[in-house]
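Here's the letter readout for the chains.
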Amino acid sequence: MNQALYIFLFSGLVSMSAALSVGAINKMAEEDRPDWLQKRNNLVMMIMGGNIAALTLVGAMAFGFLTLHWSIPLSSIFISFPVVHQLLLARILGPVKSLLLTLPLTIFAAVSLYYYWP
């Protein structure tokens, strides 16, 4: 049970944080975005990374509902994951650094979900 909980919490947190960071960067004014996002191809790659993060979040939720009590994933997606992202990652690192930190972790989380799927 503990292993499933740790996998769910890690994969859900990093994937939601990556998806929320992409949304925050996408809402920025074009002059406020970093220089590497001024090119259209890099912007498309960032949005595709956000889509991968959203799909990983769906997988983490399915994993959570399969292996844990239903209240843990439900409360995590609406309360815990967004609060941790907003209070810790978005305020301390900002959306761009948060994305650069959590997107590789999201790929690792997707692999771990695949490996430990029940």
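Conventions used here
Residues numbered from 1 in each chain as written. Predicted model: local features only at pLDDT ≥ 70, side-chain atom pairs only at ≥ 80, totals over all residues. Heavy atoms only, no water. Core = buried A, V, L, I, M, F, W, Y, C linked by side-chain atoms within 4.5 Å. Buried < 20%, exposed > 50% of the residue type's maximum accessible area, 1.4 Å probe, protein only. Helix = DSSP H or I, 4+ residues; strand = E, 2+ residues; numbered from the N terminus. Phe/Tyr/Trp six-rings, centres within 6.5 Å; stacked < 30°, edge-to-face > 60°. Polar contact = N/O pair within 3.5 Å; in protein donor to acceptor, adjacent residues only side chain to side chain. Contact = heavy atoms within 4.5 Å.

Draft legend 1. The arrangement of the nonpolar core in detail. Ala4, Ile7, Phe8, Met16, Leu57, Ala60, Met61, Phe63, Leu68, Phe81 and Leu113 form the largest nonpolar core, which has 11 residues in total. Secondary-structure elements contributing two or more residues to this core are α1 (2-27) and α2 (40-67). In terms of nonpolar packing, the next biggest core, distinct from the first, is built from 7 residues, Val22, Ile25, Leu43 and Leu99 among them.

Draft legend 2. Quick look at the packing of aromatic side chains. The full count for this structure, using the stated rule, is 4 aromatic pairs. An angle of 70° between the planes, with centres 6.0 Å apart, marks the rings of phenylalanine 10 and phenylalanine 108 as edge-to-face. Residue phenylalanine 10 is found in helix α1, and its partner phenylalanine 108 is found in helix α4 (residues 94-115); the two are separated by 98 residues along the sequence. Exposure remark for phenylalanine 10: the relative accessible area of 29% places this residue in the partly exposed category. Taking relative accessible area as the criterion, phenylalanine 108 reaches 51% and is therefore assigned exposed. The interplanar angle of 50° and the centroid separation of 5.9 Å between the aromatic rings of phenylalanine 63 and tryptophan 117 together place this pair among those described as tilted. Of this pair, phenylalanine 63 sits in helix α2 while tryptophan 117 sits in the segment after α4, and the two are 54 residues apart along the sequence.

Draft legend 3. View of the side chain of serine 21. Counting through the fold element by element, serine 21 comes out in helix α1. There is a polar contact of 2.8 Å between the side chain of serine 21 and the backbone oxygen of serine 17. When residues no more than four places from it in sequence are discounted, the contact partners of serine 21 are His85, Pro95, Ser98 and Leu99.

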